[in-house]
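Single-letter residue listing:
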Amino acid sequence: MTPLLDVDGLEAGYETGQVLFGVDLRVDRGELVSLLGRNGAGKSTTMRAIAGAKTPRVLGGDVRFDGDSLLGSPAYDVAGRGISFVPEGRRCFPRLSVEENVRVSINHAENPMAMEAVLDHFPELAEMRAKHARNMSGGEQQMLAIARALATNPRLMLLDEPFEGLAPYIVRRIEDIVEDINEQQDITVLFVEQNVAAALAVADRHYILDEGRIVEEVTSRRLREDETLRQRYLGV
Amino acid sequence: MNGNDPSFAREATDAVRGRLGSLTPAAWALLVISLAVLAFAFAVRPGLFVDNAIGGLVYGMILVMIALGLSLILGLMGVVNFAHGALFMLGAYFAYQVVGAMGLSFWAALVVAPVAVGAVGLAMEVTVLRRIYDQDPIIGLLATFGLTLMVQEAVRAVWGAAPLGFDVPRALQGGTDLGVTTVGTFRIFTVLVATVAVVAVYLLISRTDFGLTVRAGVQDDEMTEFLGVDLPLRFTAMFCLGAAIAGLGGVLRAAESGLGTGMGQTFVILAFVVVVVGGVGSLFGSVVSGILIGEATFMTPVVLTALSAATGVAAFDVSGIQGLVPYLVMITVLLVRPRGLFGEEGLME
Ligand SMILES: Nc1ncnc2c1ncn2[C@@H]1O[C@H](COP(=O)(O)OP(=O)(O)OP(=O)(O)O)[C@@H](O)[C@H]1O
Ligand SMILES: [Mg+2]
C-alpha cells in the first residue's frame with residue numbers, strides 16, 4: 001500500500017543556499033511519527049516544503065500525499081487536499097478572537113468539523129471564545145493553533161514544535177490532545193520536536209534529521225535505549 | 001455573521017475615548033483653542049462658515065472613498081497603489097462618457113462607471129499588481145506609477161486634455177435653504193452616497209465571512225493560506241472593490257466640480273495623507289482622518305478671514321493656504337502620534 005505521506009529525496013533551500021539534501025521519510029495512515037533533530041537541522045524547512053509554503057524553494061525530489069505529488073501546489077491547495085499545518089510559533093491571528101480564528105479554517109475546509117465539536121476537545125478555549133489571541137498565554141495559543149488545524153478535519157496533521165516554550169503541565173496537556181487527535185479522530189500526525197522526552201511520550205516511530213538528511217529511522221525503544229545515538233544527533 | 005464583534009458605534013466610541021484619554025495637556029489646550037476659534041468664526045460669518053463646513057465634509061468624503069481602497073490594498077497586499085488616483089479619474093471620465101457624450105441618465109452613470117472602473121482594476125490586478133506583491137515596495141510604487149501614466153495618456157487620447165463637465169438630474173440640482181446659507185442638493189447627495197459606500201465596506205469587512213478572511217489575511221497572509229484560503233482570489237476581489245469605490249468617488253466629484261486629467265494625481269496624494277494621518281491599516285482611522293482633513297482644508301480660510309476681520313490685521317488672511325492644510329495636519333499628527341490617529345487598534349491591522 002502507498003504510504004499516506006511519502007517524502008522522497010527532497011532537496012530544498014533558500015536564497016542563501018541549499019538546506020535539505022535528500023530527505024526521505026514515509027508516514028502510514030494512522031501513525032504518529034516524530035521528526036527529531038537539533039537546531040538548524042532542517043526540520044522546519046522540511047515541514048514547510050511539504051505544506052507548500054513559498055519558501056523554501058524545492059530543488060529536487062518529490063512529496064507525495066496518498067500517491068499524488070504535492071510539488072508545485074500552493075499552500076491553500078495542499079490544505080485543501082487534507083493536510084493541516086501548524087507552523088513554528090503558533091501563528092494565531094492576534095487580533096481575531098478564538099472563535100474567529102477557528103472559523104477562518106472552518107470556512108475554507110472541504111468538510112470541516114462543527115465549531116462546537118472542535119471546542120469540545122478544548123474546554124479551556126470554550127471558556128474564552130471571544131478573547132483575542134494576542135491576549136492569550138503561549139499554551140492557550142498553542143491549543144488554539146491545534147484547534148484551528150483540527151477544524152479542517154484533515155487526514156494528516158503537521159505540527160512544528162508544538163511543545164516549545166511551554167510549562168511541563170501544559171506540555172502534558174498538549175501531548176494528550178495530540179494523542180487524542182491521532183486515536184479518536186483517526187488523524188495521522190507528523191510532528192517536529194527537539195525534546196526527546198516529549199517525542200517518546202507520544203510517537204511510536206521517529207526520524208532523525210541532521211544537516212539536511214535523514215540519518216536514522218528508529219522505534220521508541222531504540223531511541224530510549226541507544227544513548228550514543230542520542231548523544232550524536234540530539235546532544236542529549 | 002459574528003455575534004461577538006462589538007458594534008461599530010461601540011468600537012468607535014472606545015477608540016475615540018482612548019485617544020481623548022491619552023491626550024496631553026498641550027493637546028487638550030490645542031483642541032479647546034481650535035473649538036473656541038471655530039465658534040468665533042461662526043459668530044463672525046455664519047453663512048460662510050456653514051457653507052465651508054459642508055464643502056469640507058463633501059471634500060472629505062471624496063477623500064475617504066479613495067483612501068479606503070488605498071488602505072485596504074496597502075494592508076492586505078503591502079502595495080502602495082499610486083494608480084488608485086487614475087482609477088478615481090477614470091470613474092469621472094466614464095461618467096462623462098455616459099452622461100455627457102452618450103446622453104444617458106446620470107443614474108446610469110452612477111452604476112455603470114464604478115462597475116467599469118472595477119473591471120479596469122481587475123485587469124490591473126491580474127496583469128501587473130499580482131506579480132509584485134512579494135517584491136520590494138519601491139517596485140510596487142514604480143509599477144503603479146507607470147500604470148497611472150498609461151491611464152492618464154489613454155484618457156488624454158480619448159477625451160482630450162480640456163476640462164469637461166456634465167449635468168446632473170433636475171432632482172439633484174438646486175439647493176436647500178438653511179437660513180444662513182443655501183446648500184446644494186448635490187452636495188447632500190454626495191455625502192449620502194459616500195456614507196452608504198463607507199458603511200457597506202465596513203460591514204463587509206467586519207461582519208461577513210469574506211471580511212473575516214480578509215482580516216486574517218492582513219494579520220498573517222501565509223498562515224491564512226496554510227488554512228486553505230485562496231488568498232490571491234481575495235486580493236483580486238478587494239482590489240476590484242477598492243477601484244469601484246474610487247470610481248464612484250470620481251463620478252460624484254466630476255458631477256459637482258467637473259473633470260480634468262490632473263484630478264487623479266491631486267487626489268491620490270491627498271488620499272495618502274489621509275491614510276497616513278488615520279493610521280495605516282485602520283479603516284475607521286481613514287474615515288475620521290478624511291473628514292478631518294476635508295474640514296481643516298475648508299475651515300482654515302474661514303477662520304483666518306474672521307480673525308483678520310476682527311483684529312484688523314490683514315496678514316492673517318493668507319491666501320492660498322488651503323493647499324497646505326492637509327500637509328500641516330499630517331505633520332502635526334505624525335509629530336504627536338507617529339503611527340497616525342488610529343494606527344494601533346485598527347480594524348484592518
Ligand atoms: N527563511 C530563511 N532564509 C534563509 N535561510 C533559512 C531560512 N529559514 C531557515 N534557514 C536556514 O535553514 C537551515 C535550517 O533551518 P530550519 O528552520 O529548517 O531548522 P530547524 O531544524 O527547524 O531548527 P530549529 O530547531 O531551530 O527550529 C538553518 O541553517 C537556517 O539558518
Ligand atoms: Mg524549526
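Let me sum up the structure you'll find in this document. (Residues numbered from 1 in each chain as written. Chains lettered and ligands numbered in written order. Predicted model: local features only at pLDDT ≥ 70, side-chain atom pairs only at ≥ 80, totals over all residues. Heavy atoms only, no water.)

1. Quick notes on the sheet that holds strand β9 (residues 205-210) of chain A
All names here are of chain A. Taken in spatial order, the six strands line up as β6-β7-β8-β3-β9-β10 in an open sheet, and their pairing is mixed. Taken across any chain shown, the strands that pair with only one partner, and hence form the sheet edges, are β6 (83-86) and β10 (213-219). Neighbour-to-neighbour, the strand axes of this sheet turn through a mean angle of 15 degrees, independent of strand direction. Alignment of β6 against strand β7 (residues 156-160), held across four bridges, turns out to be parallel. Paired with Phe85 across the two strands is Leu158, which belongs to β7. (Pairing = 2+ DSSP bridges. Helix = DSSP H or I, 4+ residues; strand = E, 2+ residues; numbered from the N terminus. Axes fitted to C-alpha atoms, helices over the stretch in contact; angles between N-to-C directions.)

2. Considerations on the site of ligand 1
Residues and elements named next belong to chain A. The environment of ligand 1 is made up of 14 residues, and the closest members are Asn39, Lys43, Ser44, Thr45 and Glu88. Between ligand 1 and the protein, one listed contact pairs an oxygen atom with a side-chain N or O atom of Lys43 at 2.7 Å. In the model, an oxygen atom of ligand 1 is placed 3.2 Å from a nitrogen or oxygen of the Glu161 side chain. Across the complex, the protein chains shield 62% of the 630 Å² of accessible surface that ligand 1 would expose by itself. It is helix α1 (residues 43-51) that provides the largest number of residues to the shell around ligand 1, a total of three residues. Counted by class, the shell around ligand 1 contains three nonpolar, seven polar and four charged residues. (Near = heavy atom within 4 Å. Polar contact = N/O pair within 3.5 Å; in protein donor to acceptor, adjacent residues only side chain to side chain. Areas by Shrake-Rupley, 256 points an atom, 1.4 Å probe, with all protein chains shown as cover. Nonpolar A, V, L, I, M, F, W, Y, C, P; charged D, E, K, R; others polar.)

3. Looking at the sheet that holds strand β4 (residues 57-65) of chain A
The pairing of strands in a sheet comes from backbone hydrogen bonds and takes either a parallel or an antiparallel form. All names here are of chain A. Strand order in this open sheet of four strands is β2-β1-β4-β5, and the pairing throughout is antiparallel. Looking at the sheet topology across the chains shown, the edges are occupied by β2 (17-27) and β5 (68-69). In terms of strand pairing, strand β1 (residues 5-14) meets β2 through eight bridges, oriented antiparallel. Bridge pairing links Leu5 to Val27 in β2.

4. Quick notes on the coordination of the magnesium ion (ligand 2)
Protein coordination at the magnesium ion (ligand 2) comes from Ser44 of chain A (OG) and Glu88 of chain A (OE), with a distance range of 1.9 to 2.3 Å. Here Ser44 of chain A is found in helix α1, whereas its partner Glu88 of chain A is found in the loop between β6 and α3 (98-107), with 44 residues between them in sequence. (Donors = N, O, S within 2.8 Å, 3.2 Å for Na, K, Ca; no water.)

5. Here's the deal with the interface of chain B and chain A
Contacts between the two partners involve 25 residues from chain B, matched on the other side by 23 residues from chain A. Taken over both partners, the interface formed by chain B and chain A buries close to 2400 Å², and the fraction arising from carbon and sulfur atoms is 54%. Note that Arg215 of chain B and Glu100 of chain A form a salt bridge whose closest N and O atoms lie 3.5 Å from each other. Taken together, chain B and chain A are joined by 10 residue pairs in polar contact (both at pLDDT 80 or more). Elements with a contribution of two residues or more to the side of chain B that touches chain A: α8 (209-219), α9 (221-226) and α10 (231-257) of chain B. Here the side of chain B that touches chain A takes six residues from α8 of chain B, the largest share from any one element. Looking at the side of chain B that touches chain A residue by residue, the classes come out as nine nonpolar, six polar and 10 charged. (Contact = heavy atoms within 4.5 Å. Buried area = accessible area lost by both parts, 1.4 Å probe. Salt bridge = Lys/Arg side-chain N within 4 Å of Asp/Glu carboxyl O.)

6. Side note on helix α10 (residues 227-234) of chain A
Residue and element names in this part refer to chain A. Here α10 has its buried residues at Leu229, Arg230, Tyr233 and Leu234. Each buried residue of α10 sits inside an arc of 95 degrees when the element is viewed along its axis, so together they form one side. Facing away from the buried surface of α10 by more than 90 degrees, the exposed residues are Glu227, Thr228 and Arg232. On its buried face, α10 is in contact with β3 (32-36), α8 (196-202), β9, β10 and α9 (220-225). Trailing α10 by a residue or two, Gly235 shows a phi angle of about 70 degrees, which is positive. (Buried < 20%, exposed > 50% of the residue type's maximum accessible area, 1.4 Å probe, protein only. Arc of directions from axis to C-beta.)

7. Here's the deal with the pairing of β3 of chain A
Side chains on a regular strand alternate between the two faces of the sheet. Residues and elements named next belong to chain A. Of all five residues making up β3, five are buried, and the element is well covered by its neighbours. The alternating pattern of β3 places Leu32, Ser34 and Leu36 and Val33 and Leu35 on opposite faces, both of which are buried. One ladder, built from five bridges, connects β3 with strand β8 (residues 188-193); its direction is parallel. If you follow Leu36 over to β8, its bridge partner there is Glu193. Relative to β9, β3 is paired through four bridges, and the arrangement is parallel. Considered in β9, the bridge of Leu36 is made with Ile208.

8. Some thoughts on unusual backbone geometry
All names here are of chain A. Residue Pro56 follows Thr55 across a cis peptide bond; omega there is 0 degrees. For Pro56, the location among the structural elements is in the loop between α1 and β4. A positive phi is found at Asp66, a non-glycine position, where the angle reads about 55 degrees. Mapped onto the elements, Asp66 comes out in the loop between β4 and β5. Despite not being glycine, Arg91 shows a phi value in the positive range, around 55 degrees. If you trace the backbone, Arg91 turns up in the loop between β6 and α3. When its relative accessible area of 22% is taken as the criterion, Arg91 is described as partly exposed.

9. Things to note about the side chain of Ser34 of chain A
All names here are of chain A. In this structure, Ser34 sits in strand β3. A polar side-chain atom of Ser34 sits 2.8 Å from a polar atom in the side chain of His206. When sequence neighbours within four positions are dropped, the list of residues in contact with Ser34 reads Leu190, Phe191, Ala199, Ala203, Arg205, His206 and Tyr207.

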